[in-house]
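What follows is the residue order along each chain.
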Amino acid sequence: MIKKIDHIAIAVQNLESALETFRNVLGCAPGAIRIEEVASEKVRVGFITIGESKIELLEPMSDDSPIAKFLAKNGEGMHHIALATDDIEKETDRLLSVNIHPLSLPKDGAGGKKIMFLHPKETNKVLLEFAQKQHQPIEDKAACNQ
Ligand code: CO
């Protein structure tokens with residue numbers, strides 16, 4: 001089942017500068033931010049928690065990162081919307097049953113979650129991520145607005 005919007009992700013050229021911008025926009029303390037490197041995707045990720053959801057800022061770690069390719073093609077901006085699910089395998093089967101094909105099988109992603117993506121051509125040009133918390137999730141910082 002889909003539970004909520006987990007995060008909205010934005011591709012950025014410089015993570016520190018983007019974090020400062022969003023921190024100022026949202027009015028959060030520096031401690032409300034968590035930074036993680038996801039080696040498999042060659043990205044550095046900055047998470048800002050806002051209530052039940054997060055903003056995820058994505059900076060490429062190398063020129064062959066999928067985010068570097070996105071930035072070269074589109075520039076900075078909205079990259080994907082992530083939906084939290086409690087059973088990503090079941091969701092994959094459900095999607096296939098309605099003829100929607102994920103880009104890959106569920107794999108390890110940021111925050112110690114299992115993730116998969118749907119191609120934007122399936123979903124009105126919006127890249128969608130499905131994310132399921134694992135047994136030992138990496139906990140995010142306190143919400144920005146607490
Ligand atoms: Co994401």
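As a reminder, the structure under discussion sits directly above these lines.
None of these values were measured; they are calculated from a predicted model.

Caption draft 1: Looking closely at the pairing of strand 1 (residues 2-11). Relative to strand 5 (residues 77-85), strand 1 runs antiparallel, the two sharing eight bridges. If you follow histidine 7 over to strand 5, its bridge partner there is alanine 82. Taken together, the five bridges between strand 1 and strand 4 (residues 53-60) define a ladder with parallel strand orientation. Across the sheet, residue isoleucine 8 finds its bridge partner in strand 4, namely isoleucine 55.

Caption draft 2: Representation of the coordination of the cobalt ion within the structure. Every protein donor of the cobalt ion is accounted for by His7 (NE2), Glu56 (OE), His80 (NE2) and Glu129 (OE), and the metal-donor separations fall at 2.1 to 2.5 Å. Each of the four donor atoms bound to the cobalt ion contributes to angles spanning 81 to 160°, and the resulting shape is irregular. Within one chain, the residues serving as donors to the cobalt ion are arranged as H-x48-E-x23-H-x48-E. With a gap of 73 residues between them, histidine 7 in strand 1 and histidine 80 in strand 5 connect regions that are remote in the sequence. In this pair, the class of histidine 7 matches that of histidine 80, namely buried.

Caption draft 3: A look at a nonpolar patch on the surface. There is a patch of nonpolar side chains on the surface, built from Ile5, Ile8 and Met78 and spanning about 250 Å² of accessible area. Mapping isoleucine 5 onto the fold places it in strand 1. Given the relative accessible area of 40%, isoleucine 5 is considered partly exposed.

Caption draft 4: Highlighting unusual backbone geometry. Even without being a glycine, lysine 42 presents a positive backbone phi close to 55°. For lysine 42, a relative accessible area of 34% corresponds to the partly exposed category.

Caption draft 5: Region of the structure containing the nonpolar core. By size, the foremost hydrophobic cluster in this structure holds 12 residues: Ile10, Val12, Leu15, Ala18, Leu19, Cys28, Ala32, Ile33, Ile48, Ile55, Leu57 and Cys144. Contributing elements (two or more residues each) for this core: helix 1 (15-26) and strand 4. If you tally residues by element for this core, the top one is helix 1, at three residues. Not counting the four nearest positions on each side in its chain, isoleucine 48 is found in contact with Leu19, Phe22, Leu26, Cys28, Ala32, Ile33, Ser53, Lys54, Ile55, Leu57 and Cys144. By size, the runner-up hydrophobic cluster in this structure holds 11 residues, among which are Val43, Phe47, Ile67 and Phe70.

Caption draft 6: How the structure looks around the pattern of salt bridges. Inspection of the entire model under this criterion finds 10 salt bridges. In this structure, lysine 42 and aspartate 64 form a salt bridge, with 2.8 Å as the shortest nitrogen-oxygen distance. Here aspartate 64 lies in the loop between strand 4 and helix 2 (66-74) and lysine 42 lies in the loop between strand 2 (33-38) and strand 3 (43-50), a separation of 22 residues in the sequence. Ionic pairing is found between arginine 44 and glutamate 59, a salt bridge with its closest N-O pair at 2.8 Å. Of this pair, arginine 44 sits in strand 3 while glutamate 59 sits in strand 4, and the two are 15 residues apart along the sequence. Judged by its relative accessible area of 10%, glutamate 59 falls in the buried class.

Calculation rules
- Residues numbered from 1 in each chain as written.
- Predicted model: local features only at pLDDT ≥ 70, side-chain atom pairs only at ≥ 80, totals over all residues.
- Heavy atoms only, no water.
- Pairing = 2+ DSSP bridges.
- Helix = DSSP H or I, 4+ residues; strand = E, 2+ residues; numbered from the N terminus.
- Donors = N, O, S within 2.8 Å, 3.2 Å for Na, K, Ca; no water.
- Tetrahedral: all angles 85-135°; square planar, octahedral: opposite > 155°, others 65-115°.
- Buried < 20%, exposed > 50% of the residue type's maximum accessible area, 1.4 Å probe, protein only.
- Patch = residues over 30% accessible without salt bridge, like charges linked within 9 Å, V, L, I, M, F, W, Y side chains within 5 Å.
- Areas by Shrake-Rupley, 256 points an atom, 1.4 Å probe, with all protein chains shown as cover.
- Salt bridge = Lys/Arg side-chain N within 4 Å of Asp/Glu carboxyl O.
- Core = buried A, V, L, I, M, F, W, Y, C linked by side-chain atoms within 4.5 Å.
- Contact = heavy atoms within 4.5 Å.

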